[in-house]
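# Structural overview
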Amino acid sequence: MAASSASAPPGVTPETPFGRVLTAMVTPFTRDGALDLDGAARLATELVDQGGHDGLVINGTTGEAPTTSDAEKEQILRAVVEAVGDRASVVAGVGTNDTRHTVELARSAEKAGAHGLLVVTPYYNKPPQSGLAAHFRSVADSTGLPVILYDIPGRSGVPIATDTLLRLAEHDRIVAVKDAKDDLGAASTVLANTNLAYYSGTDMLNLPLLSVGAVGFVSVVGHIVGPRLRELVDVYVAGDVARAKEIHQGLLPIYEGIFRSQGVILVKAALGLQGRPGGPVRSPLVDATTAEIERLRADLAAGGLAL
């Protein structure tokens, strides 16, 4: 199922329900910590019009969703939909560890114009697989939007088991997985037995996941190297694996540099170095130190991005 709008954004097909290159966008804040809605619109426009992106994920972990209110989530989503929703997929992160709250956020996102929903595995309360399945089905049943399941046991504490994914794939609106479980064998089994579209959620594994059947990425480093990710997936799909490998290896210092700390911390630092919208992070995260920023400069330079 493609993104549910009267006119689907470019790049959306049954095989690539949200396009191929998406970035989990930061939520820009002003220096005093308030939402920077103008900055969000500018950043979204840059990523789509200059960065080679088919879509954006709003209100995910990189968007600091744990520390934004429901009202702020709706505001940022509406600002991005207005800025780029006619030419890119806008996917709303709505996952929480409370099914009722997640359903409320999903319905709000649908009203705000989102093209799809990113639903993370409920965290901290560690539900059994039957609870995960019931949670995801409840959210998928609550709107007409297609759903990406976000499998990230390193944060949630619980993986989505292969058998659970096989069952959830039978739901008409569960169409994709953002995979940060980093298990190529498990991903291969699901891809071989379902029509779920896989998106790499771990930048270091973007190319390896393509090799087992993923269709694209939900990236963090796409904020700063979107055109290179665009080329990576395009040449791979065209059959030029050698060139894809070359791009992948050239990006390794950038992958390593951004994830020396929480991705959002160093992405916002990189955006600041470029004079682009981002601003500070919210507590309990802390902004990059001077030493961390200098190390980031060196990492990015090693990856061909001098700031």
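Residues numbered from 1 in each chain as written. Predicted model: local features only at pLDDT ≥ 70, side-chain atom pairs only at ≥ 80, totals over all residues. Heavy atoms only, no water.

- The chain has the name 4-hydroxy-tetrahydrodipicolinate synthase in an unreviewed UniProt entry, where Sporichthya brevicatena is given as its organism.
- In its Function (unreviewed entry) section, the UniProt entry covering the chain states "Catalyzes the condensation of (S)-aspartate-beta-semialdehyde [(S)-ASA] and pyruvate to 4-hydroxy-tetrahydrodipicolinate (HTPA)." (UniProt positions renumbered as here; feature names shortened; annotations may be inferred.)

### Comments concerning the sheet that holds strand β3 (residues 89-93)
- A barrel is described by the order of its strands in space; here eight strands give the closed sequence β1-β2-β3-β4-β5-β6-β7-β8, paired in parallel fashion. Each adjacent strand pair in this sheet contributes to an overall mean axis angle of 25°, direction not counted.
- Of the strand pairs in this sheet, strand β7 (residues 197-200) and strand β8 (residues 216-219) are connected by two bridges, and their pairing is parallel. Bridge pairing in β8 places Ser200 opposite Phe217. (Pairing = 2+ DSSP bridges. Helix = DSSP H or I, 4+ residues; strand = E, 2+ residues; numbered from the N terminus. Axes fitted to C-alpha atoms, helices over the stretch in contact; angles between N-to-C directions.)

### As for the environment of Ser138
- Residue placement: Ser138 occurs in helix α4 (residues 129-142).
- Ser138 gets classed as partly exposed once you look at its relative accessible area, which sits at 34%.
- Counting along the chain gives 94 residues from Ser138 to Leu232, while the straight-line C-alpha distance between them is 36 Å.
- Sequence-distant contacts of Ser138, defined by excluding residues within four places in its chain, comprise Thr99 and Val103. (Buried < 20%, exposed > 50% of the residue type's maximum accessible area, 1.4 Å probe, protein only. Contact = heavy atoms within 4.5 Å.)

### Quick look at the environment of Val26
- Locating Val26 in the fold gives a position in the loop between β1 (21-24) and α1 (37-49).
- Here Val26 falls in the buried class, since its relative accessible area comes to 1%.
- Once the C-alpha coordinates of Val26 and Leu271 are considered, the two residues, 245 residues apart in sequence, prove to be 9.9 Å apart.
- If near-sequence neighbours (up to four positions away) are discounted, Val26 is found in contact with Leu43, Thr62, Gly63, His223, Val264, Val267, Lys268 and Leu271.

### Examining the side chain of Arg230
- Looking at the secondary structure, you find Arg230 in helix α9 (residues 222-237).
- Once residues lying within four places of it in the same chain are set aside, the contact partners of Arg230 are Arg20, Val21, Gly52 and Asp54.

### Section: the packing of aromatic side chains
- Scanning all chains against the criterion turns up one aromatic pair.
- Over the aromatic face of Tyr150 sits the side chain of Lys178, whose NZ or CZ is 4.0 Å from the ring centroid. (Phe/Tyr/Trp six-rings, centres within 6.5 Å; stacked < 30°, edge-to-face > 60°. Lys NZ or Arg CZ within 6 Å of the ring centre and 35° of its normal.)

### Things to note about the pairing of strand β4 (residues 116-120)
- Burial analysis of β4 places five of its five residues in the buried class, the great majority of the element.
- Residues Gly116, Leu118 and Val120 point to one face of β4 and Leu117 and Val119 to the other, with burial holding for every one of them.
- Bridge count for β3 against β4 is three bridges, and the pairing is parallel. Considered in β4, the bridge of Ala92 is made with Leu117.

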